[in-house]
Amino acid sequence: MTKRISNSPFPHIFLNLRMLKTLRISNYAIINEAEIPFSDKMNIITGETGAGKSILLGALSLILGERADSKVLFSKDKKCVVEAEFEISHYGLKSFFEDENIDYEDLTIIRRELTDNGKSRAFINDTPVNLNVLQKLSDKLITIHSQHETMDLGDSIFQLTVIDALANTKELLDNYKTQYHSWKLCSKKLRETEEITSKALSEKDFIEFQFEELDKAELDTIDQVELESELTQLTHAEEIKRNLIQSVALLENDIVNVSGNLRLVITQLNAIVKYTPELESYIQRLESGYIEIKDITRDLENKSELVVANTSRSEEITQQLNILYRLQKKHNCNSTENLIILRDQLKEKLNIFSNSEEEIEKLKKEQNKLFIQTTLAAKKLSEKRIAVFVTLEQSVSKLLIEVGMKDAVLKIKHEFDADNFLSESGADHIQYLFSANKGSTLQDIKKVASGGELSRLMLCIKSLLVKSVALPTLIFDEIDTGVSGEIANKVGNILVKLSANHQLIAITHLPQIASKGQHHLFVYKESNTKTTNTKLKVLNTDERLTEIAKMLSGEKPTKAAMENAKELMEK
């Protein structure tokens, strides 16, 4: 169920109750078996030092999707199982289950199993899931505030997150991030193009020289095979001419006169063919040979006339081929075709240089345009953040009075600088300044606030956040660090207020806070000769009274301590 808080300083406030009903732990650390029931209001966990309160959080961290270590197994002979039941019927999570293809149940069970070989498995309603899915769901169900997290108060990212939550900047922040990522993508592309171009430009002169050398060779007009053949003929022109002339003489003009003798043979055979008819086929074959020899003789005569020793042409071809051979050797190419391919590749590179310079100019203009748009989006985001500064400061001051810090002051130092601070979260530089005492100079919170002051301040901020955003079940691990007495009582009152509308679990060592609980869980250890085992029990009213008295005065509470405990519980 969801309800609006009408008197909140932040207009978008809604409250949600997400409830962790039961936590079951098996074979984890020094817990053999434990089943822990929780109330939907304020749950208190107390126990002796070392009894295992922090171990409960360790087991719960497995449900939150943290990495597992087989060293936590109580016994190596069986697997560790941590299982949590959540009542989620009123919180609009059905779409999440549909998106992840998980069966939805109003009473959802998250289970984590760990074996001694370090292998871990996670399940949501018996559906196996990976840790990423587990983390996404558990983030919607439960959050733990520990002593360590108190240090986040000094972190500018956390400080900005608080402001964004209270200012309800989600829509503006999403829009800004879209603009920012477009600008970053363009900037990256520009940087990469400039780097590639810069590197390429260092080779440009050499590439230009190589291209011009190949282009000047006019490779497209050269037939290497033809040139080599022509050069061979020119080199042996006299020998070719001499042999052609001698061949013609042998065929027709010399003493041998092959063609003339062949004609005589034909005449002789024609004279006797009438007596020997089978000679007709020989005569026909000889006639064909005679005609062929006459044609060959004529061709050889013509070719011998054409063969001329041309020294200038020979030199010209030799020069062309020498250039070709040199280029082939230089570029390790075995043909003119490969040289042409190389020349065209070099030309393409030169074109890229020219195009890159145009692309860089285009990207610079686009980058500048996107930077302006991103800056404008950051400015709108910043204005919405600034609008809640005063309300946040005043609200925290009022809550600080409730936890015994009536003179404490929180101020927000802010600077907007798109040139230097532009990041995924905007262009705002946020700093929380703090003073615990009247008249003290405001300083960076992480430099001046003590551990107790940080704990109380974080509690005040958390109490504002739970009214402003749909925070899940809240677990406070010793939020009372550094406080005691009446201050602890006031911290307890803040926790009570939070538990009115949220399930709250507080691990504490202070009786003032423990007395505020509506559901009190006590952690203790049992030992035998072989093992130590953590146990847990729900305390009834009388047991609570005794436990709080022990927290006040020791293992054997005095009558005065019992009276004091009773008084605390009745407040």
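Parameters at a glance
- Residues numbered from 1 in each chain as written.
- Predicted model: local features only at pLDDT ≥ 70, side-chain atom pairs only at ≥ 80, totals over all residues.
- Heavy atoms only, no water.
- Helix = DSSP H or I, 4+ residues; strand = E, 2+ residues; numbered from the N terminus.
- Rg over C-alpha atoms; globule rule 2.2 N^0.38 Å.
- Buried < 20%, exposed > 50% of the residue type's maximum accessible area, 1.4 Å probe, protein only.
- Contact = heavy atoms within 4.5 Å.
- Areas by Shrake-Rupley, 256 points an atom, 1.4 Å probe, with all protein chains shown as cover.
- Lys, Arg positive; Asp, Glu negative; His and termini not counted.
- Charge placed at Lys NZ, Arg CZ, Asp CG, Glu CD.
- Pairing = 2+ DSSP bridges.
- Axes fitted to C-alpha atoms, helices over the stretch in contact; angles between N-to-C directions.
- 1 Å grid on protein atoms, 1.4 Å probe; cavity = no way out; pocket = protein on both sides within 12 Å on 5 of 7 lines; lining within 4 Å.
- Points joined across faces, edges and corners; volume = space filled by probe spheres on them.
- Polar contact = N/O pair within 3.5 Å; in protein donor to acceptor, adjacent residues only side chain to side chain.
- Core = buried A, V, L, I, M, F, W, Y, C linked by side-chain atoms within 4.5 Å.
- Phe/Tyr/Trp six-rings, centres within 6.5 Å; stacked < 30°, edge-to-face > 60°.
- Lys NZ or Arg CZ within 6 Å of the ring centre and 35° of its normal.
- Left-handed = near helix turned anticlockwise from the far one by under 90°.
- Nonpolar A, V, L, I, M, F, W, Y, C, P; charged D, E, K, R; others polar.
- Salt bridge = Lys/Arg side-chain N within 4 Å of Asp/Glu carboxyl O.
- pLDDT = per-residue confidence, 0-100.

Caption draft 1: Layout of the overall build of the chain. When helices and strands are tallied, the chain shows 20 helices and 17 strands. Relative to the globule expectation of 25 Å for 571 residues, the C-alpha radius of gyration of the chain, 48 Å, shows a markedly less compact shape. Considering only C-alpha atoms, the chain reaches an extent of 160 × 60 × 45 Å along its principal axes. The buried share of the chain, taken over its 571 residues, is 44%. Taking as baseline every contact in the chain between residues at least 6 positions apart, the subset at least 24 positions apart corresponds to 70%. Carbon together with sulfur atoms contributes 50% to the accessible area of the chain, which is approximately 31100 Å² in total. The chain carries 74 positive and 86 negative side-chain charges, and their two centres are separated by 10 Å.

Caption draft 2: Inspection of the sheet that holds strand E10 (residues 142–145) at higher detail. What the 6 strands build is an open sheet, ordered E10-E14-E15-E5-E16-E17; its pairing is mixed. Two strands in the sheet have a free side with no partner beyond their single neighbour: E10 and strand E17 (532–538). Mean inter-strand twist for the sheet, computed between neighbouring axes without regard to direction, equals 20 degrees. Where strand E16 (residues 519–527) meets E17, 7 bridges bridge the pair, whose relative direction is antiparallel. Looking at the pairing, Val-523 lines up with Leu-536 of E17. In the packing of helix H19 (residues 541–553) onto the sheet, contacts are made with strand E5 (42–47), E16 and E17, and the angle to E16 comes to roughly 70 degrees.

Caption draft 3: View of empty space enclosed by the protein. With the rule as written, the count across this model stands at 1 cavity of 30 Å³ or more. Counted as a void, the largest cavity has a volume near 70 Å³. Looking at the largest cavity, the residues that line it are Leu-23, Ile-36, Phe-38, Ile-45, Leu-56, Leu-57, Leu-60, Ile-475, Ile-505 and Ile-507. Taken together, the elements giving at least two residues each to the lining of the largest cavity come down to helix H1 (53–63) and strand E15 (504–507).

Caption draft 4: Structural detail: the environment of Glu-100. Within the secondary structure, Glu-100 is located in the loop between helix H2 (94–99) and strand E7 (107–114). Using a relative accessible area of 26% as the deciding quantity, one classes Glu-100 as partly exposed. As for Glu-100 and Val-133, which are separated by 33 residues in sequence, their C-alpha atoms are 7.7 Å apart. Setting aside chain neighbours within four positions, we find Glu-100 in contact with Val-133 and Lys-136. There is a polar contact of 3.0 Å between the side chain of Glu-100 and the side chain of Lys-136.

Caption draft 5: View of the environment of Glu-358. Turning to its location among the elements, Glu-358 is positioned in helix H12 (residues 336–386). Using a relative accessible area of 54% as the deciding quantity, one classes Glu-358 as exposed. Taking C-alpha positions, Glu-358 is 64 Å from Ile-401, a pair spaced 43 residues apart along the chain.

Caption draft 6: Structural context of the nonpolar core. Counting 55 residues, the largest nonpolar core has Leu-400, Tyr-432, Phe-434 and Leu-495 as the members making the most contacts within it. Broken down by element, the residue count for this core peaks at 9 residues, all from helix H16 (residues 451–468). Contact partners of Phe-434, with chain neighbours within four places excluded, come to Leu-400, Met-405, Ala-408, Val-409, Thr-441, Leu-442, Gln-443, Ile-445, Val-448, Ala-449, Glu-453 and Leu-457. Counting residues in each nonpolar core, the second largest holds 45 residues, with Leu-23, Ala-34, Ile-55 and Leu-141 among its members.

Caption draft 7: View of the packing of aromatic side chains. This structure, assessed with the given rule, holds 6 aromatic pairs. Measuring from ring centre to ring centre gives 5.8 Å for Tyr-176 and Tyr-180, while their planes differ by 25 degrees; the resulting arrangement is stacked. Note that Tyr-176 and Tyr-180 are positioned in helix H6 (residues 170–216) at a spacing of 4 residues, about one turn of the helix. Under the relative-accessibility criterion, Tyr-180 is labelled buried at 9%. When the ring of Tyr-180 is compared with that of Trp-183, the centres are 5.8 Å apart and the planes differ by 50 degrees; the resulting orientation is tilted. Here Trp-183 and Tyr-180 lie together in helix H6, a separation of 3 residues that amounts to about one turn. Here a set of aromatic residues connected by ring pairs shows up, and it is made of Tyr-176, Tyr-180, Trp-183 and Phe-371. Above the plane of the ring of Phe-123 lies Arg-111, whose end atom (NZ or CZ) is 4.3 Å from the centre. For the cation-ring pair, Lys-379 lies above Phe-416, with the distance from its terminal atom to the ring centre recorded as 4.6 Å.

Caption draft 8: Just the packing of H19 against helix H20 (residues 559–570), in detail. It is at 8 Å that the axes of H19 and H20 come closest, and there the two elements cross at 115 degrees. With respect to the hand of their crossing, H19 and H20 are arranged in right-handed fashion. Between H19, through Thr-541, Arg-544, Leu-545, Thr-546, Ile-548, Ala-549, Leu-552 and Ser-553, and H20, the contact on the second element is made entirely by Ala-561, Met-562, Asn-564, Ala-565, Lys-566, Leu-568 and Met-569. In the contact of H19 with H20, the residues fall into 9 nonpolar, 4 polar and 2 charged.

Caption draft 9: Molecular detail of the pattern of salt bridges. Applying the stated rule across the entire model yields 21 salt bridges. Ionic pairing is found between Arg-121 and Glu-113, a salt bridge with its closest N-O pair at 2.9 Å. A single network of salt bridges, built from pairs that share partners, joins Lys-79, Arg-111, Glu-113, Arg-121 and Asp-126.

Caption draft 10: Region of the structure containing the confidence of the model for the chain. Overall, the predicted model of the chain reaches an average pLDDT of 83, with 92% of residues at or above 70. Mean pLDDT values for the elements of the chain range from 37 in strand E1 (residues 2–4) up to 93 in strand E9 (residues 127–129). Low pLDDT, under 50, characterises residues 1–6; the stretch is placed with 18 contacts to residues that sit more than four places away or in other chains. pLDDT under 50 marks residues 12–16. Its contacts with residues more than four places away, or in other chains, come to 32 contacts.

Caption draft 11: The arrangement of the sheet that holds strand E4 (residues 31–37) in detail. Strands sit in the order E4-E3-E6-E7-E8-E9 across an open sheet of 6 strands; the sheet is antiparallel. The open sheet has two free edges, formed respectively by E4 and E9, since each of these has just one partner strand. Averaged over neighbouring strand pairs, the angle between their axes works out to 15 degrees when direction is ignored. Looking at chain direction, strand E8 (residues 120–124) and E9 are connected through 3 bridges and run antiparallel. The partner of Ala-122 across the bridge, within E9, is Val-129.

Caption draft 12: Summary view of unusual backbone geometry. Residue Asn-27 is not a glycine yet carries a positive backbone phi of 65 degrees. Tracing the sequence through the fold places Asn-27 in strand E3 (residues 19–28).

Caption draft 13: Summary view of the environment of Ile-548. Position of Ile-548 relative to the elements: it lies in helix H19. A relative accessible area of 0% places Ile-548 in the buried class. Excluding anything up to four places from it in sequence, Ile-548 contacts Pro-511, Ala-514, Ser-515, His-520, Ala-565, Leu-568 and Met-569.

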